[in-house]
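Structural overview
Here's the letter readout for the chains.
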Amino acid sequence: MTTCLSPGGTTIYNNNQFSSQLMVATTQGLITLSEAESGEWHQSDSQLIEHHFCALLQTPEGRFIAGSHDAGIFVSDDGTDWRPANQGLSVTNVYSLAVTERNGKTLVYAGTEPANLFVSEDLGESWLHLEGLNTVSNADTWTFPAPPFLGHIKTIAIDPHNSERLYACIEQGGLYRSSDAGQSWTQLAEDLPNDLHRAVVSPVNPERLFIADGFFFNRSDDGGQTWFEMADLIPRIGYADQLVCHPNKPDHLVVVGGYATPEAWATGSARSAIYYTRDGGDSWQQADQGLPAEMMPSFEAGCLEACADQSRIFLGNTHGEVWLSSDEGISWNKIATGLPWVSKCFHADLIHGKLQLSEEDIQIPAELREKMTEMVDRNS
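The structure reproduced in this document is the subject of the present report. Everything numeric here is computed off the predicted structure, so don't read it as measured data.

Rules and cut-offs
Residues numbered from 1 in each chain as written. Predicted model: local features only at pLDDT ≥ 70, side-chain atom pairs only at ≥ 80, totals over all residues. Heavy atoms only, no water. Core = buried A, V, L, I, M, F, W, Y, C linked by side-chain atoms within 4.5 Å. Buried < 20%, exposed > 50% of the residue type's maximum accessible area, 1.4 Å probe, protein only. Helix = DSSP H or I, 4+ residues; strand = E, 2+ residues; numbered from the N terminus. Contact = heavy atoms within 4.5 Å. Pairing = 2+ DSSP bridges. Axes fitted to C-alpha atoms, helices over the stretch in contact; angles between N-to-C directions.

**A closer look at the nonpolar core**
Core analysis: the biggest nonpolar cluster contains 28 residues, and L30, L33, W82, F314 and V322 have the highest contact counts within it. At the level of elements, strand 1 (3–5), strand 3 (21–26), strand 4 (29–35), strand 6 (53–58), strand 7 (64–68), strand 26 (299–307), strand 28 (322–325) and strand 29 (333–336) are the ones that each hand at least two residues to this core. No other element matches strand 3, which puts four residues into this core. Not counting residues within four places of it along the chain, the set of residues in contact with L33 comprises S20, Q21, L22, V24, W41, H42, Q43, S44, V322, A336 and L339.

**Description of the sheet that holds strand 2 (residues 12–14)**
Strand order across the open sheet formed by five strands is 2-26-27-28-29, with mixed pairing between neighbours. Strands at the two margins of the open sheet, each flanked by one partner only, are strand 2 and strand 29. Put simply, the sheet's adjacent strands are angled 25° from each other on average, direction ignored. Pairing of strand 28 with strand 29 involves three bridges; the strand directions are antiparallel. Counted as the bridge partner of V322 is A336 from strand 29.

**Describing the sheet that holds strand 5 (residues 41–47)**
As summarised here, the arrangement of the four strands in space is 1-3-4-5, forming an open sheet in which the pairing is mixed. Pairing within the sheet leaves two strands with one partner each, and these edge strands are strand 1 and strand 5. Across the sheet, the mean angle from the axis of one strand to that of its neighbour is 25°, orientation sign disregarded.

**Side note on the pairing of strand 24 (residues 273–277)**
Every other side chain in a regular strand lies on the same face of the sheet, so the side chains alternate between the two faces. Counting buried positions along strand 24 gives five out of five residues, so the element sits mostly inside the fold. Side-chain alternation along strand 24 places A273, Y275 and T277 on one buried face and I274 and Y276 on a second face that is also buried. The sheet contact formed by strand 23 (residues 253–258) and strand 24 spans five bridges and is antiparallel. Residue pairing for strand 24: V255 is matched across the bridge by Y275. Across two bridges, strand 24 lies against strand 25 (residues 285–286) in antiparallel orientation. When the bridges of strand 25 are listed, Y276 appears paired with Q285.

Written out as structure tokens, the structure reads:
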């Protein structure tokens with residue numbers, strides 16, 4: 001198997017041995033990195049460089065499925081020969097992909113902008129629209145601050161204990177759960193900011209959930225009925241994004257994010273930080289070994305590959321770098337530079353000064369603007 005690194009694809013792997021290849025979804029195609037016996041990594045392939053990819057995974061059968069911002073979904077059985085696979089996919093701006101096995105069959109889910117959920121039962125050959133998510137009572141309020149002001153399904157999480165229980169993170173719209181494989185949905189975390197980025201379900205306790213959002217970081221120990229705010233435990237992160245959990249050591253997690261929301265990154269730096277926990281989130285430590293004093297890029301993609309009780313964590317960022325930790329987030333090593341940017345939609349453009357957003361360009365309620373100011377002030 002090949003480990004895949006993307007903003008909206010698979011983030012947790014549990015393998016018998018570490019893979020020697022890492023496929024990265026970038027703003028200019030799919031880049032494959034290969035590991036030499038010496039432990040050094042080098043770029044060994046690039047495909048579909050004319051497309052911006054946001055989601056990537058490999059199914060248990062070995063098929064690669066990639067979601068692009070501009071041309072829908074592509075599939076490949078060898079990672080080299082790719083073809084479009086958009087039958088039944090009525091929206092071709094794909095933000096997220098997730099895969100699960102149910103009753104002996106592999107199912108692949110795709111989330112798009114505008115926010116729609118699709119499922120494939122034939123490894124991506126065709127797609128069926130799951131309309132239930134669009135019928136929730138507040139679906140008409142989903143939006144995104146920047147043009148074209150359309151909400152999207154940023155990530156999809158599937159409960160490792162129950163493949164019919166799905167979580168959809170709507171940016172911006174909230175966290176939603178389905179207990180019937182996507183037919184009907186219930187909103188969770190209604191009293192929290194609705195800029196949902198990522199949900200992680202504990203591999204040993206389905207009632208313990210973690211969510212990374214645009215306004216800090218939360219944990220629930222009762223299936224999402226109540227939430228514990230962990231912002232003060234990770235003080236250098238205001239905009240939590242990447243979040244991974246070791247599947248064989250469920251109290252070991254790593255969270256990554258910028259100091260504030262993306263509008264503040266236009267100065268040229270996200271001032272990103274990395275935190276790790278060994279007690280399920282009761283306490284957190286900031287990682288600094290191997291890292292620069294200020295991390296200017298935004299880490300837009302993260303994944304953890306577990307092998308028994310060991311792991312490797314990969315992070316990709318808006319400066320075309322890939323970083324690796326082999327000790328569950330304590331120390332880091334940059335293994336690739338000079339790649340195309342790893343970024344969903346316009347984040348990389350903001351940091352690189354290629355996009356300027358004024359207050360008139362973004363639609364943010366006054367109360368959230370106040371929270372954004374608070375985030376910047378506490379990290380100044």
